Amino acid sequence: MRRRQWANLACVSALALTLATTTAFAEGTGAIDPTLGIALPEQPALVILDDEKPATEKAQATAPSGLEAAPDTQSETAAIPEPGMVTGTVAPSAQPHGSLATPELPSIPAATPGVADEPLTLDIPAIELPPSDPALTPSFKTQGAPEPLRSAEPLIAPPDLPKVVVELPAGSAFAADIAARAAEALALPRLAERERAEILAAYQANENRPLWIDGKGWSEAGLRLTARLGRAGEDGLRPTDYPLPAFEASDKGSLAEADVRLSALAVLYARDARGARIDPRRLSKLLTPTLYLPSATEVLSELTGAVDAGAVLAAYNPPHEGYRRLKAKLAELREHLDDTPLVRIPAGPALKLGMRDERVPLVRARLGLGPTEEPVFDRSTSLALATFQKQAGLPANGILSPQTLAALGTPATARGEQDIVAQMERWRWLPADLGQSHIMVNVPEFRVRVVRDGHVVHETRAIVGKPESATPIFSHKMDHVIVNPSWYVPPSIMKKEFLPGLASDPNYAAKRGYVVTRTKGGAVSVRQPPGERNALGWIKFMFPNEHAVYLHDTPNRRLFANERRAFSHGCVRVDNPFLLADQVLGPEWTQERLKRLIGSGERRINLPQALPIHLVYNTHVVGADGHLTTFEDLYGFHRLVRQALEQRS
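The structure displayed is predicted, hence computed values, not measured ones.

### Let's talk about the pairing of strand S12 (residues 603–616)
In this structure, strand S1 (residues 437–442) lies alongside S12, joined through four bridges in parallel fashion. Residue pairing across strands places asparagine 442 opposite valine 616, the latter belonging to S12. Relative to S12, strand S4 (residues 474–483) is paired through nine bridges, and the arrangement is antiparallel. Counterpart to serine 475 in the pairing with S12 is histidine 614.

Here you go:
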């Protein structure tokens, strides 16, 4: 209701201004309004007040010429209408524009003498205005037009809007430098193209923001990573393989390059810790472990999301107890460095038993033997050298070969470190999770162990392959057992033994209890039926693999009495195999039940759950008491690993 009254008053005000302007152009006083037929009063001159003038100046400006300014009696003036003023109700045909200020006008009496009391309605045509932009304040200052009336009510101040702060992502200042320097930072010899591409992709996914630096240098995560790389030697790795980048804190380009380089070094470390330094299959076709090498994407994802990036990087090293004991032994060896000068033995031809050479006294002195009258490589020298070779992981043949000569020139402490590091490297070939329950076959030790929850629950002697038919090294899963197995002669034995025998005697196989079968294609298969003389004995433990080897019984049980048990063609023969079956088959299949199956035909029994089995080559083992035990390097695998690591340096 209040809004409508103000609108009506605004229309009356506009009408009054129109009448006043019309009167200003009339000639003389007492003009007659042609529409209403009434006399119009004489109008004073219209004066526009300036708000900036003092109140006294405003009063003088509004007073007629020659008269003093009347006191400000607005309330009294508002109560007395001017003579001849038309009063009534004004109904405008259009609402005022929303942006106009509503003036505060004095109230008008309900009636004026001489004028009819009925309301008078004036039909004022609507003024068409163009649409206005609400964000703009229209200007009314046109030439010859008065200023708009001002509202007596105070204008409402606009509310305080929150400040909008636009922040760039952290590290975005380095984005251009990282993109420009990434290729140079990734130019590491051992970093494969695949890893380089994955590192670049990781940075691009992060909008080329840095991962390990802030505005002044390494961030907290970067410092933890660099500290871990600097301690790489603790895990048998070589710190010089991970040279930390140098940079100027004031140079954004060098900071950006250092960030990418640190990512590359972290990826290299993680992969080396999992066994990427050497490829076992290149050393021997019988070394076929499955390496679990992490991708660059996996490494960077884990490191950037970690609370302690250094600890996460160190965790890529083997978590096994055997590895941790070797690591402790390595630190112990390095605390007691042997600085004793060694006897330098010149190079020359290989020395064998009975040979004369001027170097023999030097060899004897190096081995701790006393002097002799003649420089003859005698039996005592040969035996002492064979003992040294065994300790050094060399063929213990008592011959002074170039390899033995090089070993004699290495300090005992350094040689011990190399042995420990080479053994630690072979632990990297195993999966991080060996299995809550698993079987471990240590070939150089001739032992089979069943481990459950970290504890050995069963241990027995084993017979492994001869040096010319070595047992392969790998991990797999045992899934079934066969009782009363048949033995199919493998191709290697067929070629070396049976085919020449069959060529000379057609009954060669039959006389030995074998069955010869010829296929339509002409291939020959030789099978030994189940029985007491069967080469596999009464039971075999199967884990199908590329080498066609497995664990099994044997009819030649007397061989287990030997200390050095390398007699098989590659498979692992187990002493008292029914005790092992009792461990892997569970309580349902007891020894008594299994033995009742002997002689009743071949029978397959599946394990209740596949059991991980690991055929390992541990020549250096540290016990719980910290004592180091070494075993013979049967196949020379330890020597191959040590030499491969030395050649990388």
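### With respect to the pattern of salt bridges
Inspection of every chain in the model, using the stated rule, returns 32 salt bridges. Aspartate 241 is paired through a salt bridge with arginine 238; the nearest N and O atoms lie 3.9 Å apart. Classification of arginine 238 by relative accessible area gives partly exposed; the value is 24%. Each of Arg228, Arg231, Glu234, Asp235 and Lys327 takes part in a single network of salt bridges with overlapping partners.

### A word on the nonpolar core
A general tendency of soluble globular proteins is for nonpolar side chains to be buried together. If you look at the biggest cluster of nonpolar residues, it comprises 45 residues, and the most contacted ones within it are Ile439, Phe498, Phe541, Leu551, Val584, Leu585 and Leu594. The next biggest cluster of nonpolar side chains, apart from the first, holds 37 residues, and it includes Ile199, Ala232, Leu265 and Ala296.

### Details of the pairing of strand S7 (residues 524–528)
Relative to S7, strand S5 (residues 487–488) runs antiparallel, the two being bridged by two bridges. Residue pairing for S7: tyrosine 488 is matched across the bridge by arginine 527. Relative to S7, strand S6 (residues 515–518) is paired through four bridges, and the arrangement is antiparallel. Residue pairing in the sheet places valine 516 in a bridge with valine 526 of S7. Taken together, S6 and the strand that follows it, S7, pair antiparallel across an intervening segment of five residues, in which glycine 522 is found at a positive phi of about 95°.

### A word on helix H13 (residues 379–391)
Across its 13 residues, H13 extends 19 Å between first and last C-alpha, which sits within 8% of the 18 Å expected from 1.5 Å per residue. All of the buried residues along H13 are Thr381, Ser382, Leu385, Ala386, Phe388 and Gln389. For H13, the angular spread of buried residues about the axis comes to 165°, placing them on one side. Turned more than 90 degrees away from the buried face of H13 sit Arg379, Lys390 and Gln391, all of them exposed. Taken together, the buried residues of H13 touch helix H12 (360–366), helix H14 (402–408) and helix H15 (412–427). Residue glycine 393 follows H13 closely and has a positive phi angle near 80°.

### Comments concerning the side chain of aspartate 553
Along the polypeptide, aspartate 553 turns up in the loop between strand S9 (551–552) and strand S10 (566–568). For aspartate 553, a relative accessible area of 1% gives the class buried. In terms of polar contacts, aspartate 553 uses its side chain to reach the backbone amide nitrogen of tryptophan 538, at 3.0 Å. A distance of 2.7 Å separates a polar atom in the side chain of aspartate 553 from a polar atom in the side chain of arginine 557.

### A word on the packing of helix H11 (residues 321–335) against H15
At a minimum axis distance of 10 Å, the contact between H11 and H15 shows a crossing angle of 160°. When the interaxial angle is binned, H11 and H15 end up roughly antiparallel. You can see that H11 and H15 cross each other, and the crossing is left-handed. On the side of H11, the interface is formed by Gly322, Tyr323, Leu326, Lys327, Lys329, Leu330, Leu333 and Arg334, while H15 contributes Thr413, Gly416, Glu417, Ile420, Val421, Gln423, Met424 and Trp427. Across the contact of H11 with H15, the residue classes break down as eight nonpolar, four polar and four charged.

### Let's talk about the packing of aromatic side chains
Following the criterion strictly, the structure yields nine aromatic pairs and no others. Ring geometry for phenylalanine 474 against phenylalanine 543: centres 6.3 Å apart, planes inclined by 40°, an arrangement best described as tilted. One end of the pair, phenylalanine 474, is in strand S4; the other, phenylalanine 543, is in the loop between strand S8 (539–542) and S9, with 69 residues separating them in the sequence. Among the aromatic residues, those joined into a ring-pair cluster are Trp487, Phe498, Tyr508 and Tyr514. Across from the ring centre of tryptophan 589, 3.6 Å away, lies the NZ or CZ of arginine 593, which sits over that ring.

### A word on the sheet that holds S6
Read across the open sheet, the three strands follow the order S5-S7-S6; overall the sheet is antiparallel. Looking at which strands have only one partner, the edges of the open sheet turn out to be S5 and S6.

### With respect to the packing of helix H5 (residues 193–205) against helix H7 (residues 252–273)
Two numbers describe how H5 lies on H7: the axes approach to 11 Å, and their chain directions differ by 130°. Taken together, the axes of H5 and H7 are oblique relative to one another. Remark: the crossing between H5 and H7 carries right-handed chirality. Side by side, H5 and H7 meet where Glu195, Ile199 and Tyr203 of the first sit next to Asp259, Val260, Ser263, Ala264, Val267 and Arg271 of the second. Here the residues of the contact of H5 with H7 are counted per class, giving five nonpolar, one polar and three charged.

### What about the environment of glutamate 445?
Relative to the helices and strands, glutamate 445 resides in the loop between S1 and strand S2 (447–452). If we skip the residues at most four places from it in the chain, glutamate 445 touches Arg565 and Phe631. In this structure the side chain of glutamate 445 is engaged in a polar contact, spanning 2.9 Å, whose partner is the side chain of asparagine 442.

### Overview of helix H4 (residues 175–185)
Structural remark: α-helix, 3.6 residues per turn; residues separated by three or four positions point the same way. Within H4, the full set of buried residues consists of Ala175, Ile178, Ala182 and Ala185. Buried residues of H4 fall within an arc of 80° about the axis and therefore sit on the same side. Every exposed residue of H4 that faces more than 90 degrees away from the buried side is listed here: Ala176, Ala180 and Ala183. Check the buried side of H4 and you find it contacts H5 and H7.

### Comments concerning the environment of phenylalanine 247
Tracing the sequence through the fold places phenylalanine 247 in the loop between helix H6 (220–230) and H7. A relative accessible area of 24% means that phenylalanine 247 is categorised as partly exposed. Through-space distance from the C-alpha of phenylalanine 247 to that of glycine 217 is 8.4 Å; in sequence the pair is 30 residues apart. Non-local contacts of phenylalanine 247, meaning those with residues more than four positions away in its chain, are made with Gly217, Trp218, Ser254, Leu255 and Ala258.

The rules behind these values
- Residues numbered from 1 in each chain as written.
- Predicted model: local features only at pLDDT ≥ 70, side-chain atom pairs only at ≥ 80, totals over all residues.
- Heavy atoms only, no water.
- Pairing = 2+ DSSP bridges.
- Helix = DSSP H or I, 4+ residues; strand = E, 2+ residues; numbered from the N terminus.
- Salt bridge = Lys/Arg side-chain N within 4 Å of Asp/Glu carboxyl O.
- Buried < 20%, exposed > 50% of the residue type's maximum accessible area, 1.4 Å probe, protein only.
- Core = buried A, V, L, I, M, F, W, Y, C linked by side-chain atoms within 4.5 Å.
- Expected span 1.5 Å × (residues − 1).
- Arc of directions from axis to C-beta.
- Contact = heavy atoms within 4.5 Å.
- Polar contact = N/O pair within 3.5 Å; in protein donor to acceptor, adjacent residues only side chain to side chain.
- Axes fitted to C-alpha atoms, helices over the stretch in contact; angles between N-to-C directions.
- Parallel < 35°, antiparallel > 145°, perpendicular 65-115°, else oblique.
- Left-handed = near helix turned anticlockwise from the far one by under 90°.
- Nonpolar A, V, L, I, M, F, W, Y, C, P; charged D, E, K, R; others polar.
- Phe/Tyr/Trp six-rings, centres within 6.5 Å; stacked < 30°, edge-to-face > 60°.
- Lys NZ or Arg CZ within 6 Å of the ring centre and 35° of its normal.

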